[in-house]
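Breakdown of the fold
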Amino acid sequence: MLKLDAINAGYGGFQALFGVSMEVNAGEAVAVIGANGAGKTTLLRVISGLLPPTSGTMVMERRDLLSTPAHKIIETGIAHVPESRRLFPRLTVRDNLRMGAFIPGARAKFSERLDYVYSLFPRLKERENQMAGTLSGGEQQMCAIARALMSGPKLVLLDEPSMGLAPVIVAQVFDLVRRIRSEGYTVLIVEQNVRQVLKVADRAYLLEVGRMKASGPAAELAASDDIRKAYMGI
């Protein structure tokens, strides 16, 4: 579905990604793990068109993403749930969801998509007229994921969905990830919470200081002594 080959990217004179290659197959949940500052968020920003790479190739279902304008990336089937959720705090839950359905194909099916995400997340239906900024942390993450699903995506990018949340809410967030996986969505998730994310992923990549250092089935990486010592505190 998605394939990156030898991607280099950065900010001004600072290079954040060095020759990154990876792929995500339809129906998979793929995790990118690594310490803070490893380049995980940069990687997702490159995929969603927010940051153009300096070199390399990137293809989504045979479509060249590097020649696709950033505002058209979502029409290829990629939806990005950014770090810290980035909701519109003074808009209602319903209006935040409406923002997720701004592309023409999704606008035409707004009511249908709204009913669908409310069936997935009944709590949002209860809160639909509440300002998004007044939701709990877990509810805000739920709203951010639902907003991404409003576009009818093929691939959902999740950037540090557990960041800044209490442990009990973190468990709820990973339950959300399992729920959207069960609906058939392909998921690419970047996370510092290695122990939890490897439980929901099929495969994983280890990113260290902008370079891919390891990859394989999530269960194998979870059993690796090096990864357990460096990232799980075991």
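Preceding this paragraph is the structure being described.
Cut-offs and rules
Residues numbered from 1 in each chain as written. Predicted model: local features only at pLDDT ≥ 70, side-chain atom pairs only at ≥ 80, totals over all residues. Heavy atoms only, no water. Helix = DSSP H or I, 4+ residues; strand = E, 2+ residues; numbered from the N terminus. Rg over C-alpha atoms; globule rule 2.2 N^0.38 Å. Buried < 20%, exposed > 50% of the residue type's maximum accessible area, 1.4 Å probe, protein only. Contact = heavy atoms within 4.5 Å. Lys, Arg positive; Asp, Glu negative; His and termini not counted. Salt bridge = Lys/Arg side-chain N within 4 Å of Asp/Glu carboxyl O. Polar contact = N/O pair within 3.5 Å; in protein donor to acceptor, adjacent residues only side chain to side chain. 1 Å grid on protein atoms, 1.4 Å probe; cavity = no way out; pocket = protein on both sides within 12 Å on 5 of 7 lines; lining within 4 Å. Points joined across faces, edges and corners; volume = space filled by probe spheres on them. Phe/Tyr/Trp six-rings, centres within 6.5 Å; stacked < 30°, edge-to-face > 60°. Lys NZ or Arg CZ within 6 Å of the ring centre and 35° of its normal. Expected span 1.5 Å × (residues − 1). Axes fitted to C-alpha atoms, helices over the stretch in contact; angles between N-to-C directions. Parallel < 35°, antiparallel > 145°, perpendicular 65-115°, else oblique. Left-handed = near helix turned anticlockwise from the far one by under 90°. Nonpolar A, V, L, I, M, F, W, Y, C, P; charged D, E, K, R; others polar. Arc of directions from axis to C-beta.

1. Side note on the overall build of the protein
Along its length, the protein carries ten helices and ten strands. For 234 residues, the compact-globule estimate of 2.2 N^0.38 gives 17 Å, and the protein sits close to it at 17 Å. Structurally, the protein occupies a C-alpha span of about 45 × 40 × 30 Å along its principal axes. Within the protein, the fraction of its 234 residues that count as buried is 49%. Across the protein, the fraction of contacts at a sequence separation of at least 24, relative to all contacts at a separation of at least 6, is 68%.

2. A word on the side chain of Glu 160
Along the polypeptide, Glu 160 turns up in the loop between β7 (155-159) and α7 (167-182). Its relative accessible area of 5% is what places Glu 160 among the buried residues. In this structure Glu 160 touches Lys 40, Glu 83, Val 190, Glu 191 and Gln 192, once residues within four positions along its chain are discounted.

3. Looking at the side chain of Arg 113
Within the secondary structure, Arg 113 is located in helix α4 (residues 110-120). In this structure, Arg 113 is buried with no salt-bridge partner, the nearest side chain bearing the opposite charge being Glu 112 at 5.7 Å. Within the local environment of Arg 113, its side chain forms a polar contact with the backbone oxygen of Leu 149, the two atoms lying 2.5 Å apart.

4. With respect to the layout of surface pockets
Volume-wise, the largest pocket comes out at about 690 Å³. If you go around the largest pocket, you meet 25 residues; those closest to its centre are Ser 48, Leu 50, Ile 74, His 80 and Pro 82. Every element with two or more residues in the lining of the largest pocket is listed here: α1 (40-47), β6 (78-81), α2 (93-100) and α6 (137-149).

5. Focus: the packing of aromatic side chains
Scanning the model with the defined rule gives zero aromatic pairs in all. Sitting over the face of the ring of Phe 110, Arg 98 holds its NZ or CZ atom 4.2 Å from the ring centroid.

6. So, α6
Since one α-helical turn is 3.6 residues long, residues separated by three or four positions face the same way. When the terminal C-alpha atoms of α6 are compared, their 19 Å separation across 13 residues agrees well with the 18 Å that a helix rising 1.5 Å per residue should span. Gly 138, Glu 139, Gln 140, Gln 141, Met 142, Cys 143, Ala 144, Ile 145, Ala 146, Arg 147, Ala 148 and Leu 149 are the residues of α6 that are buried. Buried-residue contacts for α6 involve β6, α2, α4, α5 (122-126), β7 and α7.

7. Remarks on the packing of α6 against α7
Packing of α6 against α7 brings their axes to within 9 Å, and their N-to-C directions diverge by 20°. One way to sum up the angle between α6 and α7 is to call them roughly parallel. Between α6 and α7 lies a crossing whose hand is right-handed. Taking contact as the criterion, the partners of Gly 137, Gly 138, Gln 141, Met 142, Ile 145 and Leu 149 in α6 are, on α7, Ile 169, Val 173, Leu 176 and Ile 180. The residue makeup of the contact of α6 with α7, split by class, is seven nonpolar, three polar and no charged.

8. A look at α7
Here α7 spans 23 Å end to end across 16 residues, near enough to the 22 Å set by a 1.5 Å rise per residue. Taken as a whole, α7 has its buried residues at Ile 169, Val 170, Val 173, Phe 174, Leu 176, Val 177 and Ile 180. For α7, the angular spread of the buried residues around the axis is 145°, confining them to a single face. In α7, the exposed positions that point more than 90 degrees away from the buried face belong to Pro 167, Val 168 and Ser 182. On its buried face, α7 sits against α6, β7, β8 (186-191) and α8 (194-200). Among the residues trailing α7, Gly 184 stands out with phi positive, at a value near 95°.

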